[in-house]
Amino acid sequence: MFVQSAMSAAEEATGGPVAWSAEPDSEQGRALLRRAMLAGPASGSEGLDVQGRSRLLAGLVDPARVRAALAVSGHVDRRRRVLTGEATVHAVLGLCLFSGEGYDAVLGRTMPLLGGAATMGGRVPTGAALSKARVRVGEDPLRRLFEASAATAPAPGIGSVAFGLELTAFDGTTTELAAEDVLAEEFGVPTGGPRPLARMVTLVSCGDRRVKAAAIGSYRTSEQELTDRLADRLAPGTLNLADRNFFSLQRWQRFSASGAQLAWRVKNGARSLPAKRLQRLGDGSYLVRLHESDSMRAKRRKDSGDPHAPRLPDTIARLVEFDVAVQDLRGRRRVSRIRLLTTLLDHRAYPARELAKTYAQRWQVEITYLRIKKELRGTGTALRGRSPELARQELWAFLIVYNALCDLASRVAALEGIDPDEIAFVAVLRLTRSHLDGDTSCHHCGRRPSDNGDPLTALTSDITAHPRNRTGRSRTSPRTATERRTSHTREAIYTITIAESNLPKADS
């Protein structure tokens, strides 16, 4: 869909497959990433009729992917329209890229970029026409477009890997919808809340904060239920992180069967985890046996509707229990106990302290949601869609646009040999908007700025020239709504101490 993966680009340049066995942070890994990005994105659309289309838009949005998503979804343009299915998809993406602007303003930006017959001699459709076109296209093409673009992720870059495994994480969030009765009935409204909320769980790559998979449901749908829909999106060669609300023995066994390694936080307390200590390891962690009790099995039978479901088999896992002390420069200090359960059993290859540090990468998902909800969509902005299908359509579109911007940041980071964290997401967003706005046809000759040279190179050059984020600072932020009204982000020192577990010992 968007900027092709680094691996695909490297294969295109070298005429064969590229081995990415090198660590991204190593010299060999940096060289491979840079070579791939210099090779440029494989267009995937050679031979397609894109005459008159903005080359910058075609570099960001692969026309072949858009048409394929429409075709697989069964969408057919049954009559000659200005807003064809393809043009409508681009317009919906434009609504997300230029969030906060009206339909007419966004159409005025996106339709001229399509060129050719899309604008029917320069006429721009009205906002009312776009509303009807969104209904014709529906949700499915945008969902399929997201899945196709998510599947062509860039190769893991600097900061993406720990213990030779790509870091991923699960977490959930909610999104405000329009105050419509049909949306309230479909998605639900929190008690005392002003608007309906949609709930979404995503699987995020911690290095570039790119969304690899997502599940969307109502506010009444639990994060655990949505996460269960994504079990098959985990893959060998990855280490998955998750917060303490996601663990259940059944989910643990099902997700670990994917071949991915897990490092999930679990709840504290001697009786909150169905485990007993088997052996204390040299780094202070423990091998534990997970066992489904009679009460747990009874609850699972009730929830599943299967009164004869057999007991889940016992499972061996490793427990890393540690304290995190956070002290700011004013001397204020707080300590949190964290209990981390992992499938990585070898304490020599995966030391407890390093696992504890790695778990902090789970917060990259929170940054992902901050980017999407505050920087891309806009604080306090509800989705435009006034039907359940259009609300979901818009959520998929936001994820597509967000991933495209992450791909641009990854491209710059690979070329510069730096961590994508150093690339300011706001800068990528604003410069992308600016370059697309500037890519208009000349009234005299019809040529565009993107006709001269590679427009993606010009865009990435401007992103490269922007001041970088300062990533070496350790800070702490207020966590509750009350704290955020009175406190600010502060410099802090983090100290990790491996702790003794209070879980009971297994019977000898």
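Presented here is a report on the structure given in the accompanying data block. Keep in mind that this is a model prediction, so the values were computed, not measured.

Quick look at the overall build of the protein now. When helices and strands are counted, the protein shows 18 helices and twelve strands. Counting across all 508 residues of the protein, residues that qualify as buried make up 50%. Carbon and sulfur atoms form 49% of the exposed surface of the protein, whose accessible area is close to 23,400 Å².

Its place among the elements puts Asp-171 in strand S2 (residues 165-176). At 2.9 Å, the side chain of Asp-171 forms a polar contact with the side chain of Arg-362. Those residues in contact with Asp-171, other than ones at most four positions away along the chain, are Met-200, Val-201, Thr-202, Glu-223, Phe-246, Arg-362, Val-365, Glu-366 and Tyr-369.

Below, the discussion takes up the pattern of salt bridges. Within the structure shown, the criterion is met by 34 salt bridges. One salt bridge in this structure joins Glu-176 and Arg-195, with 4.0 Å as the shortest N-O distance. Within this pair, whereas Glu-176 is found in strand S2, its partner Arg-195 is found in the loop between helix H9 (181-187) and strand S3 (197-205), the two being separated by 19 residues in sequence.

Those residues of helix H17 (residues 455-465) lying buried are Pro-455, Leu-456, Leu-459, Thr-460 and Ile-463. Taken around the axis of H17, the buried residues stretch over an arc of 130°, which confines them to a single face.

Turning our eyes to something else, we now look at the packing of aromatic side chains. Pairs of aromatic rings are described using the distance from one ring centre to the other and the angle between the two planes. Considering all chains together, one arrives at seven aromatic pairs under this definition. Both rings, one in Trp-252 and one in Trp-264, keep their centres 5.6 Å apart while their planes meet at 85°; by these two values the pair is edge-to-face. One end of the pair, Trp-252, is in helix H11 (residues 249-256); the other, Trp-264, is in strand S6 (residues 261-266), with twelve residues separating them in the sequence. For the pair Trp-252 and Trp-264, a shared accessibility class is recorded, and that class is buried. Measuring from ring centre to ring centre gives 5.6 Å for Phe-255 and Trp-264, while their planes differ by 70°; the resulting arrangement is edge-to-face. Relative accessible area serves as the criterion here: at 0%, Phe-255 is assigned to the buried category. A relative accessible area of 0% places Trp-264 in the buried class. Three or more aromatic residues joined by ring pairs form one cluster here, namely Phe-170, Phe-247, Trp-252, Phe-255 and Trp-264. Its guanidinium or amino end placed over the ring of Trp-363, Arg-362 lies 5.1 Å from that ring's centre, counting from NZ or CZ.

On to unusual backbone geometry, then. Not every positive phi belongs to a glycine, and Phe-163 is a case in point at roughly 60°. Along the chain, the position of Phe-163 falls in the loop between strand S1 (161-162) and S2. For Phe-163, a relative accessible area of 27% puts it in the partly exposed group.

This paragraph deals with the packing of helix H5 (residues 85-97) against helix H7 (residues 127-137). For the pair H5 and H7, the least separation of the axes is 10 Å and the interaxial angle reads 110°. In terms of axis orientation, H5 runs roughly perpendicular to H7. The two elements H5 and H7 meet at a crossing, and its hand is left-handed. Of the residues in H7, those touching H5 at Gly-85, Thr-88, Val-89, Ala-91, Val-92 and Leu-95 are Leu-130, Ala-133, Arg-134 and Val-137. Residue composition of the contact of H5 with H7, grouped by class: seven nonpolar, two polar and one charged.

Let us look at helix H6 (residues 103-114). Within an α-helix, residues lying three or four positions from one another point in the same direction, as the helix has 3.6 residues per turn. The terminal C-alpha atoms of H6, which comprises twelve residues, lie 16 Å apart, in line with the 16 Å expected from a rise of 1.5 Å per residue. Within H6, the full set of buried residues consists of Tyr-103, Val-106, Leu-107, Thr-110, Met-111, Leu-113 and Leu-114. In a view along the axis of H6, the buried residues occupy a sector of 150°, so they form one face of it. Buried residues in H6 make contact with helix H3 (55-60), H5, H7 and helix H16 (425-438).

Along the polypeptide, Leu-340 turns up in strand S10 (residues 333-342). It is 5.7 Å that separates the C-alpha atoms of Leu-340 and Trp-264, two residues lying 76 residues apart in sequence. Non-local contacts of Leu-340, meaning those with residues more than four positions away in its chain, are made with Ala-263, Trp-264, Arg-265, Arg-318, Leu-319, Val-320, Phe-322, Leu-355 and Tyr-359.

So, on to the environment of Arg-244. Along the chain, the position of Arg-244 falls in the loop between strand S5 (238-242) and H11. A residue is classified by how much of its surface remains accessible, and Arg-244, at 36% relative accessible area, is partly exposed. Between the C-alpha atom of Arg-244 and that of Leu-341, which follows or precedes it by 97 residues, the distance is 9.8 Å. Once you skip the residues sitting within four places of it in the chain, Arg-244 turns out to touch Arg-265, Val-266 and Lys-267.

Rules and cut-offs
- Residues numbered from 1 in each chain as written.
- Predicted model: local features only at pLDDT ≥ 70, side-chain atom pairs only at ≥ 80, totals over all residues.
- Heavy atoms only, no water.
- Helix = DSSP H or I, 4+ residues; strand = E, 2+ residues; numbered from the N terminus.
- Buried < 20%, exposed > 50% of the residue type's maximum accessible area, 1.4 Å probe, protein only.
- Areas by Shrake-Rupley, 256 points an atom, 1.4 Å probe, with all protein chains shown as cover.
- Polar contact = N/O pair within 3.5 Å; in protein donor to acceptor, adjacent residues only side chain to side chain.
- Contact = heavy atoms within 4.5 Å.
- Salt bridge = Lys/Arg side-chain N within 4 Å of Asp/Glu carboxyl O.
- Arc of directions from axis to C-beta.
- Phe/Tyr/Trp six-rings, centres within 6.5 Å; stacked < 30°, edge-to-face > 60°.
- Lys NZ or Arg CZ within 6 Å of the ring centre and 35° of its normal.
- Axes fitted to C-alpha atoms, helices over the stretch in contact; angles between N-to-C directions.
- Parallel < 35°, antiparallel > 145°, perpendicular 65-115°, else oblique.
- Left-handed = near helix turned anticlockwise from the far one by under 90°.
- Nonpolar A, V, L, I, M, F, W, Y, C, P; charged D, E, K, R; others polar.
- Expected span 1.5 Å × (residues − 1).

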